[in-house]
Each structure stands twice: as structure tokens, then as C-alpha cells.
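Letter by letter, the chains look like this.
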Amino acid sequence: MLSLSNKRVLLGITGGIAAYKCAELTRLLIKAGAEVRVAMTRSACEFITPLTLQALSGNRVHLDLLDPEAEAAMGHIELARWADLVLIAPATANSIARIAHGEADDILTTLVLATPAPIAVAPAMNQGMWADAQTQSNIAALQQRGYTLIGPDSGEQACGDVGLGRMSQPSDIVAACAQLFDTGFLAGRHVAITGGPTREAIDPVRYISNHSSGKMAYALAEEAAAAGARVTLISGPVSLSTPERVQRINVVSAQQMLEATLTAAEEADVFIGVAAVADYRPLEVAAEKIKKNDDEMSLTLVKNPDIIWEVSRLEKRPELVVGFAAETENVVANGQQKLASKKLDLLFANEATKTFNSDDVAITVIDANGTTALSAANKHVVARQMLQLIAARLS
Ligand code: PMT
């Protein structure tokens, strides 16, 4: 089940009595970690309402091929490209025949032709229709094209017949869909990451901050999502776009980062503190722009909360709390000191001046057992190595 984590499933519903089971199917797909969008034929709407599926999937249901509203948001070609899997359930004899013959006159058949994603079909029909030579030839044509056939099951049918043709149970369909994907090494895990700098306001136009670009944190977030994790990225102000399948929470100050982090960390398996959090903030933030009347001015700074330490001592602590240390001298010794004082499970130490805003990074991995070096490479390459080290330490 866990291999549907982060996967995008486009559920195509056609008009058969088994369509009512799509409420449960949608719920189970989401429970298994998938994001679900639904497209329905007009006859499917006779058996289950689009509103039910909209409520369960959390997304607008697609009904018409030419829908100005949908085209403005997610039109059928975009939807076809969005999917990691197109699942047609229930697939009636008529819809199977139309797909087998390459028709494209409604939203569902068009999506099937347009998508580069794998397609799975869960047939549902009367046992006589299923056994019919034409249906069997249509099914064989779909299988030859690489479609995955899920079911049908045998049993009592809505029409009173007994035999092969019932749609498979939603739980069996979800299990069959999960088998279509390789399980990523972080599938089913929730990773929360802080990244970028924080800004501490002095007055409405000035702030204290640092040179963090967010590149390291965003590389980790993207690679963690690619490895199947659910990722929450709590980001200070950076000019990077959000990686796909990553939930980004924007913050500005250390105090805001702390609040967002504590909420995310409570339900995370792994917390990675990559952010370069400003250690101090002005005691007072001037309401108006400060005038430069004097040759000298002084600011009183107060210590910001140590976010990773607060995560480390949570009652519902993530299984792994992983820190970074950006140092200009004594990289390993300072890293070891931070690992111990912040009660971290693992720490990645790097040279601050070489790492800030660079595309590459060299890391010393520090834990209770000692240190290991990861040679300088692109941040994405190193991020994958870091995540593998993290995954190996998870129970
Ligand atoms: O963003 P880039 O340009 O890609 O640069 C990457 C990076 C240099 C920012 C990154 O690789 C890095 O080293 N991040 C940690 C920077 C840092 O502030 O280190 P620190 O030694 O001050 O803090 C140690 C740890 O405590 C870090 O995990 C930090 O996130 C955390 N911390 C620090 C202070 C604080 N108030 N709260 C914290 O959570």
C-alpha cells in the first residue's frame, strides 16, 4: 500500500452499478498516500454524484471534454500529463470496447489516449457480457497494449446472475495499483525540513539575515519526495520554486519558523534542520524607518529560540532529528559539539563560506559512532546520499 505514497492517480469512472464503490476506492487510494483526481462519464453520474467524489478526493471532478472552467485550471491534456496512473474503475463493457477501438469523444477516452502514464482497468459487467468473445477480444487488445487488468471477481451480480464480472473489491484494486510502482526507500515516511535564512526585522525596511539560498534544503526536499516521502518544507524567504510533491510553508522570522516547525515535526518521522536561523533578533522592532541622525547606533539583540533543540525535546519527537552545522573553522569539532548539545541523531557539517549559495557541497557526516566524509558534489547528489544514510537509521 505504501508505494502509492506521493503518487497521482487519475480515477476514471464509467457508468455501471459498481460505480458506488468508487467512494470507498477514492478513500482507500488517499489513505495509501495517493493524490486522486476523478474524471466521470455522464452515465457514471447516474450511479454516484460528482459532489461525493469531489468531497472525498478534495479536487474538482472532471465531467466534460470541453469545459471552459476546467480548461482554465486543469484541462484534459494537462490532467493526462499530471497522472502517474490512470485507473478506470468500474470499466463497463462499452467503455472497454470504446477504449480498445481508440475512440476519443468524451473526457475519459480522450484522457486514455493522451496520457503517457500506465493504465489499469477494473472491469465490471454482467457475466454473459464478460464472457462474450467481443469483450474478450477487446480485453486482449488492451492487455497487448500494456494495460493492467484488475479483476473482475466472481460472485452474485446486481442483475441476479452468478459468475465472473463483479468489480474487484476497492482494497484489492488499491493493492494491485500499489504493485505497479517501485517502492521508494522513504515511502510512507514523513520528512519535515527547514530551509533558507530567517529575517529578523529591525524596522519596516531593514532586517538581520544571512546568505543562505535554500538550495541545500530544496535539494533534500525534492530528493526525499522522489524517494517516496511526504515532505513538508518550512522555508525562509528564498527565490526558489517549490519542488513537485512538496508541501511548502513560507515563514520569515525564526519565531514563525519555530511555530510552523513544531506543528510539522509532531507528525514527522524525520526532521532535518537545514535552515540558517538567525541566532539573534532585535529586542524591539521600530514602528517607523529609523532615521540616521547619529554617527553610531546600537541595537540590543536577544537570542532566538533554537528550533532544532525544541524539536529534539518534543514529547512526540520524530524518530530521527538531523542537524546541519555551517562552520568557518574547526568544522568537525564544532559539529560534534552541536550534535551533543542539541541531542541530535545525525549531523551534516559543512564549510559555511564554500556552501552558502553554491550548487555543490562537501559534507562531514557526524554521529555518535564517528565521522565520515562525503566528497564535494552537486547538492542533489549529496542530498540523495544523506537521505540514504537517514533511511538506513530508521526502524
Ligand atoms: O541554503 P544554502 O545556500 O544551500 O546553504 C546551505 C547551508 C550552508 C545553509 C546548510 O548547508 C547549513 O549548513 N545549514 C545550517 C546552517 C546553520 O545555521 O548552522 P548552525 O551551526 O548555526 O546551526 C546548527 C543547527 O541548528 C542547524 O541544523 C540549524 O538549522 C539549527 N538551528 C540553529 C539556530 C537556531 N536558532 N535554530 C536552529 O534550529
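Residues numbered from 1 in each chain as written. Predicted model: local features only at pLDDT ≥ 70, side-chain atom pairs only at ≥ 80, totals over all residues. Heavy atoms only, no water.

**So, the environment of Arg8**
Part 1 of the argument: Here Arg8 is to be found in strand 1 (residues 8-13).
Part 2 of the argument: Expressed as a C-alpha distance, the spacing of Arg8 and Ala93, which sit 85 residues apart in the sequence, is 26 Å.
Part 3 of the argument: Not counting residues within four places of it along the chain, the set of residues in contact with Arg8 comprises Glu35, Trp82, Ala83, Asp84, Leu85, Glu244 and Arg245. (Helix = DSSP H or I, 4+ residues; strand = E, 2+ residues; numbered from the N terminus. Contact = heavy atoms within 4.5 Å.)

**Concerning the site of the ligand**
Part 1 of the argument: The ligand sits among 27 residues. The nearest are Ser212, Ser213, Gly273, Lys338 and Asn350.
Part 2 of the argument: Between an oxygen atom of the ligand and a main-chain N or O atom of Ala326, the distance comes to 3.4 Å.
Part 3 of the argument: For the ligand, an oxygen atom lies 2.7 Å from a polar atom in the backbone of Asn357.
Part 4 of the argument: For the ligand, whose unbound accessible area comes to 770 Å², protein coverage reaches 95%.
Part 5 of the argument: If you list the elements that add at least two residues to the shell around the ligand, you get helix 10 (215-226), helix 12 (307-312) and strand 16 (320-327).
Part 6 of the argument: No other element matches the 5 residues that strand 16 contributes to the shell around the ligand. (Near = heavy atom within 4 Å. Polar contact = N/O pair within 3.5 Å; in protein donor to acceptor, adjacent residues only side chain to side chain. Areas by Shrake-Rupley, 256 points an atom, 1.4 Å probe, with all protein chains shown as cover.)

**Let's talk about the packing of aromatic side chains**
Part 1 of the argument: Inspection of every chain in the model, using the stated rule, returns 1 aromatic pair.
Part 2 of the argument: Over the face of the ring belonging to Trp82 we find Arg37, whose NZ or CZ atom lies 5.2 Å from the ring centre. (Phe/Tyr/Trp six-rings, centres within 6.5 Å; stacked < 30°, edge-to-face > 60°. Lys NZ or Arg CZ within 6 Å of the ring centre and 35° of its normal.)

**So, the side chain of Arg8**
Part 1 of the argument: By relative accessible area, Arg8 is classed as buried at 14%.
Part 2 of the argument: In this structure the side chain of Arg8 is engaged in a polar contact, spanning 3.4 Å, whose partner is the side chain of Glu244. (Buried < 20%, exposed > 50% of the residue type's maximum accessible area, 1.4 Å probe, protein only.)

**Notes on the pairing of strand 3 (residues 85-91)**
Part 1 of the argument: Along strand 3, 7 of the 7 residues are buried, which leaves the element largely enclosed by surrounding structure.
Part 2 of the argument: The sheet contact formed by strand 3 and strand 4 (residues 119-123) spans 4 bridges and is parallel. When the bridges of strand 4 are listed, Val86 appears paired with Ile119. (Pairing = 2+ DSSP bridges.)

**Looking at the pattern of salt bridges**
Part 1 of the argument: On inspection of all chains with the given rule, the structure shows 18 salt bridges.
Part 2 of the argument: As a salt-bridge pair, Glu244 and Arg8 come within 3.4 Å of each other at their nearest N and O atoms. Of the two residues, Glu244 sits in the loop between strand 11 (230-235) and strand 12 (246-250) while Arg8 sits in strand 1, which places them 236 residues apart along the sequence.
Part 3 of the argument: Using a relative accessible area of 53% as the deciding quantity, one classes Glu244 as exposed.
Part 4 of the argument: A salt bridge links Glu223 to Arg384; the shortest N-O distance between them is 3.0 Å. Here Glu223, found in helix 10, pairs with Arg384, found in helix 15 (residues 379-393); they are 161 residues apart in sequence, far enough to count as distant.
Part 5 of the argument: By relative accessible area, which is 11% here, Glu223 ends up buried.
Part 6 of the argument: Here Arg384 falls in the partly exposed class, since its relative accessible area comes to 39%.
Part 7 of the argument: Through salt bridges with shared partners, a single network forms among Arg98, Glu103, Asp105 and Asp106. (Salt bridge = Lys/Arg side-chain N within 4 Å of Asp/Glu carboxyl O.)

**Some thoughts on the environment of Ala229**
Part 1 of the argument: On the secondary structure map, Ala229 appears in the loop between helix 10 and strand 11.
Part 2 of the argument: Expressed as a C-alpha distance, the spacing of Ala229 and Asn330, which sit 101 residues apart in the sequence, is 34 Å.
Part 3 of the argument: In this structure Ala229 touches Asn6, Leu186, Ala187, Arg189, Val191 and Ala224, once residues within four positions along its chain are discounted.

**So, the nonpolar core**
One recurring pattern in soluble globular proteins: nonpolar side chains tend to sit buried together.
Part 1 of the argument: Judged by nonpolar contacts, the single largest core of 36 residues is most densely connected at Ile193, Leu220 and Ile272.
Part 2 of the argument: For this core, the secondary structure elements donating two or more residues are strand 8 (190-195), helix 10, strand 11, strand 13 (270-273), strand 16, strand 17 (346-351), strand 18 (360-367) and helix 15.
Part 3 of the argument: Element by element, the count of residues in this core is highest for helix 10, at 8 residues.
Part 4 of the argument: Residue contacts for Leu220: discarding those within four places in its chain leaves Ile193, Ile272, Val274, Phe324, Ala383, Met386 and Leu387. (Core = buried A, V, L, I, M, F, W, Y, C linked by side-chain atoms within 4.5 Å.)

**A short note on the domain arrangement of the chain**
Part 1 of the argument: Structurally, the chain comprises domain 1 (8-178) and domain 2 (190-278 + 299-393).
Part 2 of the argument: A separation of 42 Å is found between the C-alpha centroids of domain 1 and domain 2. (Domains from an automatic or database assignment.)

**A word on the sheet that holds strand 13**
Part 1 of the argument: Overall, mixed pairing links the 8 strands, which are arranged 12-11-8-13-16-17-18-19 in an open sheet. The sheet is open, and its two edges are formed by strand 12 and strand 19 (370-378), each paired on a single side. If you compare each strand with its neighbour and ignore which way they point, the axes differ by 20 degrees on average.
Part 2 of the argument: Pairing of strand 17 with strand 18, which is carried by 3 bridges, proceeds in the antiparallel orientation. Residue pairing in the sheet places Ala349 in a bridge with Thr364 of strand 18.
Part 3 of the argument: Lying over the sheet, helix 10 contacts strand 8, strand 11, strand 12, strand 13, strand 16 and strand 18, oriented at roughly 165 degrees with respect to strand 11. (Axes fitted to C-alpha atoms, helices over the stretch in contact; angles between N-to-C directions.)

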